[in-house]
Every structure is written in structure tokens, then in C-alpha cells.
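Chain by chain, the residues:
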Amino acid sequence: MTEVATEPDILEDVVIDHDIPVGADLDADAERDEILAYTERPMIPVELLVCHPGNVRDDRQAGQAFCRSVASAGIITPLEITVEPGGGYRVVDGNIRLDAALKVGLAAVPYFFSADTADDEGLQYLHMLISSRFRTSLTVHEEAQALFSASQAGMTRAEIRKATGLSADEVKAGVRAGGLNYMAKEIAAGMDYEWTLEELALLKPFEDDPEAMEVIRRNRYGPLKYTVQRLLDEREAKSRRAKMIAELEQAGITITGERPEGAVPLSRLLNGSQQMDADAHKDCPGRGASLGPWMSASPNHYCLDPVEYGHVFAETGTTNPPEPAVVAPVAQEAKPNADRKIVIEGNKAWVAAGTVRQQWLHEFLMLKTPPRNVASTIARFITEQLVTMPEPLCRALGGARHSRLFESFGHPTPETVAKSTQPGLWMIALAPIATAYEREITGDGERRNTWRQDKYSPCTREDAGVWLRFVADIGAKHGHEPSPIEKAVADGVAYRGDNPAEDLIEEADADQTGTETAVAGQDPEEHDDQPIDAVEQAPQGTQESEPGPVAEPDASAGPASASGPADAAAGPQEVHLAAHVEEAIADDLAEEFDAADVHADAA
């Protein structure tokens with residue numbers, strides 16, 4: 001039997017503390033006489049310790065985050081040690097803690113001596129197993145609560161970050177997530193989902209919104225960030241609509257769901273030689289505006305009786321109204337309500353997906369060099385794109401550097417290139433390509449149709465699929481999961497909703513009903529909100545501010561819309577007033593025959 005050496009000489013010191021409170025049941029004299037002692041934990045110099053030669057862990061290195069924590073807070077959990085046959089002391093449990101201590105330069109670490117394992121090497125291995133197998137780590141919910149409680153106790157985020165080794169973003173997210181109310185915590189804990197601190201923090205805006213939390217709970221197919229973004233978009237749209245209605249009401253404008261019978265839209269009236277607008281019509285007693293039920297509808301201003309109020313009709317050039325046109329109704333095949341829901345669902349989904357994807361691209365493109373596991377993928381994609389030069393790059397690459405998206409993606413400059421390493425050049429080259437694609441598939445106008453198979457878009461679904469497959473490929477290894485609508489475009493299949501097996505999001509029914517009437521000149525299925533890339537406003541005099549070439553419609557992208565390539569290059573001054581008049585008349589007739597269906601099938 002091996003002789004067991006005495007425990008290290010660095011034994012605990014007994015410290016007497018007379019200020020520690022005692023139980024209230026003791027009398028005053030006993031309380032004064034009570035001596036409470038505690039022992040500081042014993043410490044041992046790291047130079048006396050050796051790692052276990054048979055450590056069963058494959059990964060024996062302390063990570064950077066753990067080392068940062070050890071450097072700040074030291075080793076909290078004592079190491080289990082025993083005698084080392086060759087001299088010194090062997091670490092039975094705590095080898096990674098010892099590695100961290102050595103890396104950050106700690107002189108001593110806490111320990112406890114395990115005499116029963118000194119002559120029993122088999123038991124040493126079992127202690128490694130037992131200490132790990134029956135050690136219950138905190139759940140991410142408990143971690144969030146710990147971070148929140150530390151913050152409530154007065155610690156700053158910087159202090160928490162320094163003590164834990166967590167990143168600033170992790171601490172911020174953890175404190176935010178730990179502050180969720182009881183309902184949100186219960187719902188999150190009850191979901192079959194592997195949460196991160198960042199994802200838990202995303203629930204904060206919805207903790208008092210049971211309907212939104214239910215949407216999140218039911219989410220099974222889309223990434224959490226995407227689902228949350230859709231809810232944020234919906235909330236913002238409702239807020240904009242409420243603000244718009246409040247402004248109209250404050251201005252004294254009567255708001256109706258449909259244009260009253262006999263009322264004429266301002267697009268058919270003249271203010272001098274120009275088309276009448278809301279500002280020119282603001283003092284007319286007959287002013288009013290209809291507002292469709294869909295969330296993104298814009299007000300369609302009208303005059304209740306232009307003859308009475310002396311307005312000039314664009315069709316006649318006088319105050320005399322034109323003769324009413326007699327048009328035989330054309331039988332329209334009713335569009336299935338499910339298809340209309342899909343279009344509304346898809347428009348919202350495409351916006352949210354673009355926002356989340358561009359946020360991830362912003363973070364990814366901040367890396368100085370491409371990660372090793374995707375470096376070859378990035379290099380091959382960039383080279384292939386520059387060799388083949390697909391239409392999205394032909395149109396948008398030249399003006400990419402003037403885009404605010406380009407700023408978000410790092411805004412590399414010649415100076416950046418000069419200072420970059422050779423691997424870093426690939427990340428720099430990816431920024432303008434990412435900008436060009438994102439502008440072409442999430443920009444304004446018909447670019448928002450990219451996800452659809454039945455409408456023209458300057459960027460074909462095939463070209464968009466190439467880009468989305470690339471993003472999904474590198475994102476799979478670096479924290480980005482594509483949404484259902486992105487997967488549909490990447491796979492070249494129709495988008496049938498985020499969860500085709502269930503009913504579509506309830507807002508679709510509220511936004512669009514089978515009896516609604518479209519606002520004149522507006523497709524109820526189209527977003528008339530700010531484009532996805534809301535910051536895509538080109539500076540004056542740049543190439544982006546000029547109308548670029550428009551691709552011929554691809555056969556797979558469906559027929560060109562009425563405002564497609566034929567009109568895309570024409571500036572407002574090139575369009576004769578008669579064209580606006582003709583369009584306004586067509587819009588009025590379309591409304592009378594349920595424009596909600598007509599416009600949905602137009603183009």
C-alpha cells in the first residue's frame with residue numbers, strides 16, 4: 001500500500017469573526033459569548049500539481065471564455081487532488097480548471113485532498129465519472145435568472161462580463177432574458193426548444209402580449225429570429241396605420257372603408273395643369289379618404305362631389321364630368337381564398353426574412369477573415385459569380401458602393417484592401433456581391449416579387465435561389481437558419497406558407513376578406529410600405545439614383561406586370577398626363593368589379 005503523504009502544508013487558517021449574526025432565540029449573554037468560526041478554503045500552489053496522466057476527457061483545454069472568467073474571479077470550485085507517485089500532487093478532478101489557472105498565471109488554486117484515491121487508481125477514474133455524471137448544470141433559463149439577479153444586486157454589466165467571461169452581448173441578453181415576466185418564462189420553459197440567452201432576450205417585447213407569445217409557442221418550422229421579426233413587422237405596421245389614421249382625423253378628413261358612391265378619386269381631377277393631390281384638396285368641403293382593410297393600405301383621397309365644388313375633370317379638361325362609360329362586366333374566375341392568403345403571407349414573410357438575413361450578413365461580414373470551414377465555399381462562390389456575371393450583378397454591382405446596405409456590410413475602401421491579409425480579401429470581395437443581391441431581391445417595386453412564381457421580378461427566382469443557397473450553406477455553420485420562404489426559393493418550389501399543414505397566420509384573414517374593395521390604383525396583395533431595405537436611398541448624383549437597365553422577363557418568372565420592363569426606364573416627365581387619366585379610369589372600373597381579385601390576377 002502506498003504511503004499517503006500529508007496534505008499540502010498550505011492548510012486552512014481559522015478566522016474568527018464576531019460580526020456574523022446568530023439566531024434570534026439566543027439570549028443576549030449567549031449571543032455575546034458566541035464565537036463563530038469559519039475556515040478559508042485551502043489553497044495550493046499550482047507548481048505542486050500535475051495533470052492526471054489518464055484524464056478521460058478528450059478536450060483537455062480551457063476555452064477562452066473560461067480563462068477570462070478565471071482571470072477575473074479565480075477558481076471557484078476546488079480541485080480534487082491526491083498524491084502523485086513521482087512527487088507532488090495529482091489532479092483527479094479539475095484538470096481543465098488547472099489548465100485555465102496555468103494559462104492566466106494564477107499562483108495557487110483551491111483544493112480538497114482525496115486520501116481514499118491515493119492507492120486506488122481505478123477509483124480516481126470513477127471520481128472523474130461521478131463528478132461529471134451527477135453534476136447538474138444550470139439551464140439557460142437559470143443562467144438568465146442568475147445574470148438578472150446579479151444585475152439587480154447592483155453589479156454592472158461590465159463587472160458581470162469580467163467575472164463570468166461572457167461576451168458583452170451575452171451579458172446584455174442574459175440580463176434582459178432574466179427579467180422576463182412569469183408568463184413568458186413559463187411559455188419558454190414549456191417549449192421543446194434549445195434556447196440561447198440571445199433568443200430568450202428576443203421574447204422581451206412580447207412578454208405582455210399573449211397572442212404574440214402563442215404565435216412563438218406554435219412556431220415549429222421557421223427560425224425564432226424570423227418569427228420574432230414577423231411579429232415586430234406586424235406591430236410596426238399596426239402602429240403606422242394607427243398614426244396615419246390619427247393624422248387624417250386630426251386634419252378633419254373623413255375616413256371610409258370604401259369610396260362612397262358618386263365620389264371621385266383625386267387622380268381624376270386637376271389642380272391647374274397638374275393632377276390633384278391631397279395638399280391641393282385640403283380646403284375642399286368634400287374631401288375624404290378610403291382606407292382598405294389590409295394592414296399596408298394607403299389612404300386613397302377623393303372628393304365627394306367635384307361638380308358642386310367646381311373641380312376640373314382630367315378627362316374633359318372642364319368642370320363637366322365625362323360621360324359614364326358603359327362596360328359589360330367580365331366574368332372573373334374567383335381566385336381561391338387560400339391563394340390570396342398565401343400572397344399576403346408571402347409578402348410579410350419575404351420582408352421579415354430579408355431583415356433577419358441582412359442582420360446576420362452584417363455580423364458575418366464584420367469578420368476580418370473567412371472562417372476556415374467556409375473559406376473555400378466563399379472563394380468558389382465569388383469566383384463563379386464574377387466569371388458568370390448573372391443579371392443581379394450586372395444591374396447592381398456597379399452602384400453597390402453607394403448603397404447604405406454596403407455601409408452595413410462593412411463599407412470596405414481601398415485603404416481597407418491595402419491593409420487586409422490575403423484571406424481577408426475574400427470577405428472584402430463578398431461585401432459588394434452581397435449588397436447587389438440583397439438590393440435586387442429585397443428592394444422596392446417589383447423586386448419585392450422575387451419570391452413569387454406568378455409575377456415578374458427583375459431578379460429571377462433562379463438567380464435569387466443561387467444566392468440564398470450560398471447564404472444557407474455558410475450560415476449553417478455560423479448561426480443562420482433560412483426561413484421557410486427562403487428555403488422555397490432556394491429549392492425552386494412554391495411557397496405555401498410557413499406551416500402548410502396548419503392554417504395561415506390569423507392576421508391574413510383580418511387583413512384581407514373575400515368582400516373587400518381595393519384602393520384605386522393599388523394591388524391589395526402588394527406592400528406599399530417602406531421597402532425591406534429601408535435604408536436603400538441613394539445619394540444624389542450617384543449611379544444608384546439613375547434608372548438602370550431592366551432584365552427581360554424570364555419565362556419562369558411569369559409574364560411581365562403592367563408596370564414592368566416597358567415602363568421601368570421612363571421617368572415621370574416622360575409620361576403624358578393622358579396616361580395617368582387612362583390609368584385612373586381603369587382603376588375606377590376595376591374597383592367596381594372587385595379589384596381585390598382583378599388586381600391579384602393582373603400582370
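Residues numbered from 1 in each chain as written. Predicted model: local features only at pLDDT ≥ 70, side-chain atom pairs only at ≥ 80, totals over all residues. Heavy atoms only, no water.

A. A look at the packing of helix α2 (residues 64–73) against helix α3 (residues 95–104). Two elements in contact, α2 and α3, have axes separated by 9 Å at closest approach and are oriented at 70°. When the interaxial angle is binned, α2 and α3 end up roughly perpendicular. Two packed elements cross with a definite hand, and for α2 against α3 that hand is right-handed. Between α2 and α3, the residues in contact are F66, C67, V70 and A71 and I96, R97, A100, A101, K103 and V104, respectively. Here the contact of α2 with α3 is built from residues that sort into eight nonpolar, no polar and two charged. (Axes fitted to C-alpha atoms, helices over the stretch in contact; angles between N-to-C directions. Helix = DSSP H or I, 4+ residues; strand = E, 2+ residues; numbered from the N terminus. Parallel < 35°, antiparallel > 145°, perpendicular 65-115°, else oblique. Left-handed = near helix turned anticlockwise from the far one by under 90°. Contact = heavy atoms within 4.5 Å. Nonpolar A, V, L, I, M, F, W, Y, C, P; charged D, E, K, R; others polar.)

B. Fine view of helix α10 (residues 210–218). Among the residues making up α10, those that are buried are A212, M213, V215 and I216. Looking straight down α10, one finds that the buried residues subtend no more than 155° of arc, so they occupy a single side. Across from the buried face of α10, at angles greater than 90 degrees, the exposed residues are P210 and E211. Where the residues of α10 are buried, they touch α8 (182–190) and α11 (224–250). (Buried < 20%, exposed > 50% of the residue type's maximum accessible area, 1.4 Å probe, protein only. Arc of directions from axis to C-beta.)

C. Representation of the packing of aromatic side chains within the structure. Applying the stated criterion across every chain yields a total of eight aromatic pairs. Ring centres 6.3 Å apart and planes at 85° place the aromatic pair Y89 and F113 in the edge-to-face group. Taken as a pair, Y89 in strand β6 (residues 89–93) and F113 in strand β7 (residues 108–113) lie far apart in primary sequence, 24 residues in all. Comparing Y89 with F113, the two get one shared label, buried. On the numbers, 4.9 Å between centres and 65° between planes, the contact of Y193 with W195 is edge-to-face. Exposure remark for Y193: the relative accessible area of 31% places this residue in the partly exposed category. Taken together, F381, Y437, W467 and F470 form an aromatic cluster joined through their ring pairs. Looking at R357, its charged tip hangs above the ring of W350, at a distance of 6.0 Å from the centre. (Phe/Tyr/Trp six-rings, centres within 6.5 Å; stacked < 30°, edge-to-face > 60°. Lys NZ or Arg CZ within 6 Å of the ring centre and 35° of its normal.)

D. Spotlight on unusual backbone geometry. One non-glycine residue, M389, adopts positive backbone phi at about 45°. Relative to the elements of secondary structure, M389 occurs in the loop between α13 (372–388) and α14 (391–396). Judged by relative accessible area, M389 falls into the partly exposed class, the value being 29%. With a phi angle near 45°, H411 is a residue other than glycine that sits in the positive phi range. In this fold, H411 is placed in the loop between α15 (404–408) and α16 (414–419).

E. Representation of the side chain of H52 within the structure. With respect to the helices and strands, the residue H52 is situated in the loop between β4 (49–50) and α2. A polar side-chain atom of H52 sits 2.7 Å from a polar atom in the side chain of Q124. Not counting chain neighbours up to four residues away, the residues in contact with H52 comprise R90, V91, V92, N95, Q124, Y125 and M128. (Polar contact = N/O pair within 3.5 Å; in protein donor to acceptor, adjacent residues only side chain to side chain.)

F. A look at the sheet that holds strand β12 (residues 287–290). A sheet is described by the order of its strands in space; here four strands give the open sequence β8-β12-β13-β9, paired in mixed fashion. Pairing within the sheet leaves two strands with one partner each, and these edge strands are β8 (254–256) and β9 (264–265). Relative to β12, β8 runs parallel, the two sharing three bridges. Among the inter-strand pairings, T254 is bridged to a residue of β12, identified as G288. (Pairing = 2+ DSSP bridges.)

G. Representation of α2. Turning to α2, its buried residues number three or more, namely C67, S69 and V70. Mapping the buried residues of α2 onto a view down its axis gives an arc of 160°, with all of them on the same face. With respect to the buried face of α2, the exposed residues turned more than 90 degrees away are Q64 and A71. Residues of α2 that are buried sit in contact with α3 and α6 (157–164). Directly after α2, the chain includes G74, whose backbone phi takes a positive value near 75°.

H. Broad picture of the environment of L197. On the secondary structure map, L197 appears in helix α9 (residues 197–201). Residues L197 and V171 lie 26 residues apart in sequence; the distance between their C-alpha atoms is 8.4 Å. In this view, L197 contacts V140, E143, A144, L147, E170, A173, G174 and A177; residues no more than four positions away in its chain are not counted.

I. View of a negative patch on the surface. A contiguous patch of negative charge, built from D116, D119, D120 and E121, is present on the exposed surface. Mapped onto the secondary structure, D120 falls in the loop between β7 and α4 (121–133). We classify D120 as partly exposed; its relative accessible area is 35%. (Patch = residues over 30% accessible without salt bridge, like charges linked within 9 Å, V, L, I, M, F, W, Y side chains within 5 Å. Areas by Shrake-Rupley, 256 points an atom, 1.4 Å probe, with all protein chains shown as cover. Salt bridge = Lys/Arg side-chain N within 4 Å of Asp/Glu carboxyl O. Lys, Arg positive; Asp, Glu negative; His and termini not counted. Charge placed at Lys NZ, Arg CZ, Asp CG, Glu CD.)

J. The side chain of H281, seen in detail. When you line up the elements, H281 lands in the loop between β11 (274–275) and β12. For H281, the contacting residues outside a window of four places in its chain are L266, M276, G286, R287, Y302, C303 and H311.

K. Fine view of the pattern of salt bridges. Counting across every chain of the model gives 21 salt bridges. Close ionic contact of R217 with E214 constitutes a salt bridge, the shortest N to O distance being 2.6 Å. Of the two residues, R217 and E214 both sit in helix α10, three residues apart, roughly one turn of that helix. The class for R217 is partly exposed, based on a relative accessible area of 42%. Residue classification places E214 among the partly exposed residues on the basis of a relative accessible area of 31%. Note that R230 and D498 form a salt bridge whose closest N and O atoms lie 3.1 Å from each other. Here R230 is found in helix α11, whereas its partner D498 is found in the loop between α19 (484–491) and α20 (507–511), with 268 residues between them in sequence.

L. Just the nonpolar core, in detail. Core analysis: the largest hydrophobic core is formed by 40 residues, its most contacted members being F364, I378, L430, W467, F470 and Y495. If you list the elements that add at least two residues to this core, you get α12 (337–364), α13, α14, α15, α17 (424–442), α18 (461–475) and α19. Not counting chain neighbours up to four residues away, the residues in contact with F470 comprise T377, I378, F381 and L430. (Core = buried A, V, L, I, M, F, W, Y, C linked by side-chain atoms within 4.5 Å.)

M. Molecular detail of the confidence of the model for the protein. Residues at a pLDDT of 70 or more form 74% of the protein, whose mean pLDDT is 79. Across residues 10–26, where pLDDT falls below 50, the model places 32 contacts with residues more than four positions away in sequence or in other chains. Here residues 503–603 is a poorly scored stretch, pLDDT under 50, and it has 197 contacts once near neighbours within four places are set aside; other chains count. (pLDDT = per-residue confidence, 0-100.)

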